[in-house]
Amino acid sequence: MSGQNVTSTPVAVLGTGSIGMRHVRVLGSIPGIVPVAVPVRAARRGSLRAEGHQVADNLDAAAAMGARRAIIA
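What you are looking at is a predicted structure, and each value in this text was computed from that prediction instead of being measured. (Residues numbered from 1 in each chain as written. Predicted model: local features only at pLDDT ≥ 70, side-chain atom pairs only at ≥ 80, totals over all residues. Heavy atoms only, no water.)

1. Notes on the nonpolar core
Phase 1 of the analysis: Of all hydrophobic cores here, the largest spans eight residues; its members are Val-11, Val-13, Met-21, Val-24, Leu-27, Ala-37, Leu-48 and Val-55.
Phase 2 of the analysis: At the level of secondary structure, the elements contributing two or more residues to this core comprise strand E1 (9-14) and helix H1 (18-28).
Phase 3 of the analysis: In terms of residue count, H1 provides more of this core than any other element does, three residues in total.
Phase 4 of the analysis: Contact partners of Leu-48, with chain neighbours within four places excluded, come to Thr-16, Met-21, Ala-37, Pro-39, His-53 and Val-55. (Core = buried A, V, L, I, M, F, W, Y, C linked by side-chain atoms within 4.5 Å. Buried < 20%, exposed > 50% of the residue type's maximum accessible area, 1.4 Å probe, protein only. Helix = DSSP H or I, 4+ residues; strand = E, 2+ residues; numbered from the N terminus. Contact = heavy atoms within 4.5 Å.)

2. Thoughts on the sheet that holds strand E3 (residues 54-55)
Phase 1 of the analysis: Spatially, the four strands line up as an open sheet ordered E3-E2-E1-E4, and their pairing is parallel. The outermost strands of the open sheet, each flanked by one partner alone, are E3 and strand E4 (69-72).
Phase 2 of the analysis: H1 rests against E1, strand E2 (33-38) and E4 of the sheet, and its axis sits at about 160 degrees to E2. (Pairing = 2+ DSSP bridges. Axes fitted to C-alpha atoms, helices over the stretch in contact; angles between N-to-C directions.)

3. Regarding the pattern of salt bridges
Phase 1 of the analysis: Under the counting rule described, the total for this entry stands at two salt bridges.
Phase 2 of the analysis: For Arg-45, the salt bridge goes to Asp-57, with nearest N and O atoms at 3.4 Å. Here the residue Arg-45 occupies a position in helix H2 (residues 45-50), and Asp-57 occupies one in the loop between E3 and helix H3 (59-64), the gap between them amounting to twelve residues.
Phase 3 of the analysis: Linking Asp-57 and Arg-49 is a salt bridge whose minimum nitrogen-to-oxygen distance equals 3.6 Å.
Phase 4 of the analysis: Where salt bridges share partners, they join Arg-45, Arg-49 and Asp-57 into one cluster. (Salt bridge = Lys/Arg side-chain N within 4 Å of Asp/Glu carboxyl O.)

4. A word on the pairing of E1
Phase 1 of the analysis: Both E1 and E2 contribute to a ladder of six bridges, which runs parallel. Following the sheet pairing, Ala-12 is matched in E2 by Val-36.

Next comes the structure, spelled out in structure tokens:
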């Protein structure tokens, strides 16, 4: 895909337990996909941001960030 513009596609991942984080890691390894973590517990947001993840407070916020697809984990 050299020379082509690749647009980012945000994908929300609702739930950031072990399976949710696996989805975040796998999605993050796919070129052009930007996982947006949506933790169920608000207390988890800060640690996810500190780890460098895109984080949304809820699915509406993830949609405002451009997510049109979601994985419920």
